[in-house]
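# Remarks on the overall topology
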Amino acid sequence: MNTVTNRQKSIISIFIVLILIYIGASIGSSDISMLDTISIIANKALGIPLREGILAKDVSIIWKIRLPRVLLAFLVGGCLASSGAVVQSILKNQLASPFTLGVSSGASLGAGLVIVTGFSIPFIGSFTLPLVGFIFGLITVYIVIVFSNKIDRTMSNNTIILAGMVFSLFVNALLTTLTAMFSEDLKSIALWQMGSFAMRGWTYVGLIMPFCLIGMIGILMYTKEMDILTFGEEQAKSVGVETSKVKTKLFIFSAVLTGGAVSLSGTIGFVDLIAPHVVRKIFGSNHRYVIPMSFVFGGCLMVVTDLIARSVFAPVELPVGAVTAIIGAPFFAYVYFKKAS
């Protein structure tokens, strides 16, 4: 009965996604009706004729600006939330996140280096920054995993958390030094770190798709092992789960998701903390539901926060990372004090 209920909840969640994407694409500085938005999307996606009276500029606004932005926000939020669910599950800590492993710090350092040096890879051009950010984020996680394995073969949760914190602080110190040396680029680095989906077209949606597919498929292959790990590592080992290998693979897939998201949108926190927590309250602890539903709920949360960021003080746009922090900080405090009580 519980499985049927979760399936029904999943179907409802999918409908909520479609409604939010539709609302996100409709609302903006230009006044375009919701019926016109549906017509434009149906025309471009399915070839259905446009409604009478729709202007060419409205088609461009919806199809080239708003819709790719909303879809990118959804995919970024989904990647962050799914990786957050994995890290929280493995480390058995509701307050843990992929950023604990240093992904965000590494990506920020890579982006900072590109900004201050003006480095550009031939044939890639402006996409050099997200590529270098992703590579640095992945390298940081790899170093954390190798370091944790060297000092503790069992890769205990405390060792991983401490190693991640140490390397995050170290990499952040390098970034601080970099910004101090090149203060003229401070604003550009700060804006990138705050996160934004402004001026992100279909190319960015295409760029994040491989990260989503590789990361999600990789994680979903280990949902049973994650369920077993919730009972403790000793029990998992007793039934044949190679805990260190499984942890390493899951951390790498999580890093792919987070690194891809952060490198294309900047540093956006708290989504990876909030969404998995809400999903576990609604769907329970079965990772067959927790992982994909975290993706769905994280994506929805990001679409809503991006809508708030670009609408509340329009035409001024707030950094998405600031909005998620305003929402997430009280939530973080609630989870922490509820856990402590």
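Use the structure listed above.
Below is a summary of the structure that appears in this document. Since the model is a prediction, treat every value here as computed from it, not as a measurement.

With that out of the way, let us pick up the overall build of the chain. Of regular secondary structure, the chain possesses 14 helices and 0 strands. When the helices and strands of the chain are listed from N to C terminus, the series reads α-α-α-α-α-α-α-α-α-α-α-α-α-α. Taking 341 residues into account, the globule formula puts the C-alpha radius of gyration at 20 Å, and the chain, at 21 Å, falls close to it. The C-alpha extent of the chain, read off along each of the three principal axes, is 65 × 60 × 40 Å. Looking at the chain residue by residue over its 341 residues, the buried ones come to 49%. Pairs at least 24 residues apart make up 76% of the contacts formed inside the chain by residues separated by at least 6 positions. Separation of charge centres in the chain, based on 24 positive and 15 negative side chains, amounts to 6 Å.

With 19 residues, helix H8 (residues 202-220) ought to run about 27 Å at 1.5 Å a step, and its terminal C-alpha atoms sit 26 Å apart, in line with that. Along its length, H8 shows its largest kink, about 25°, at Ile208, and proline Pro210 lies within four residues downstream of that point. The inward-facing, buried residues of H8 contact helix H3 (56-91), helix H5 (128-151), helix H9 (223-229), helix H11 (243-265) and helix H13 (287-311).

So, about unusual backbone geometry. Most of the time, phi is negative for any residue but glycine, and the peptide bond is trans. Positive phi values are uncommon outside glycine, yet Lys92 reaches one of about 55°. Within the secondary structure, Lys92 sits in the loop between H3 and helix H4 (103-117). Here Lys92 falls in the partly exposed class, since its relative accessible area comes to 40%. The backbone of Met199 shows a phi angle near 55°, a positive value even though the residue is not glycine. As for its placement among the helices and strands, Met199 is situated in the loop between helix H7 (186-194) and H8.

For the structure on display, the rule yields 6 salt bridges. A salt bridge links Lys245 to Glu242; the nearest nitrogen and oxygen atoms lie 3.5 Å apart. A single network of salt bridges, built from pairs that share partners, joins Arg69, Asp306, Arg310 and Glu317.

As a volume, the largest pocket reaches approximately 310 Å³. Lining the largest pocket we find 16 residues, and of these Gly28, Ser29, Arg69, Arg310 and Glu317 sit closest to its centre. Counting residues per element, the ones that place at least two in the lining of the largest pocket are H3 and H13. Among the elements that line the lining of the largest pocket, the one with the most residues is H3, at 4 residues.

With respect to the secondary-structure elements, Arg310 resides in helix H13. For Arg310, a relative accessible area of 15% gives the class buried. Here Arg310 is in contact with Gly24, Ile27, Gly28, Arg69, Val70 and Glu317, once residues within four sequence places are set aside.

Another point: the environment of Lys64. Looking at the element boundaries, Lys64 is found in helix H3. Taking the relative accessible area as the measure of exposure, Lys64 reaches 55% and is therefore exposed. The spatial distance from the C-alpha of Lys64 to the C-alpha of Gly201 is 6.4 Å, given a sequence separation of 137 residues. In this view, Lys64 contacts Val59, Gly201 and Trp202; residues no more than four positions away in its chain are not counted.

What counts and what doesn't
For every chain, the first residue of its written sequence is number 1, and the numbers climb from 1 along that sequence. Since the coordinates come from a predicted model, pLDDT governs what is reported: local features require at least 70, and pairs of side-chain atoms require 80 or more to be given and counted, while whole-chain, interface and lining totals use all residues. Hydrogens and water are ignored here; the side-chain numbers use all heavy atoms of the structure. Strands are runs of DSSP state E lasting at least 2 residues, helices are runs of H or I lasting at least 4, and numbering of each runs from the N terminus. A radius of gyration in this sense is built from C-alpha atoms; the matching globule rule multiplies 2.2 Å by the number of residues raised to 0.38. Burial classification: accessible surface area is computed with a 1.4 Å probe over protein chains only, and a residue below 20% of its type maximum counts as buried, one above 50% as exposed, and the rest as partly exposed. By the convention used here, residues are in contact when the closest approach between their heavy atoms is within 4.5 Å. Positive: Lys, Arg. Negative: Asp, Glu. His and the chain ends are not part of the count. Where a charge sits is defined by one atom per residue type, namely NZ (Lys), CZ (Arg), CG (Asp) or CD (Glu). How far a helix is expected to stretch is found by multiplying one less than its residue total by 1.5 Å. A residue's bend is simply the angle between two axes: one fitted to the seven residues ending at it, one to the seven starting at it. By definition, a salt bridge exists where a carboxyl oxygen of Asp or Glu is found within 4 Å of a side-chain nitrogen of Lys or Arg. Of the grid points, spaced at 1 Å and generated over the protein atoms alone, those admitting a 1.4 Å probe that cannot get out make up cavities, while open sets with protein on both sides within 12 Å along at least five of seven lines make up pockets; any residue with an atom within 4 Å of a point is treated as lining. Grid points are joined across faces, edges and corners, and a volume is the space filled by probe spheres set on the points.

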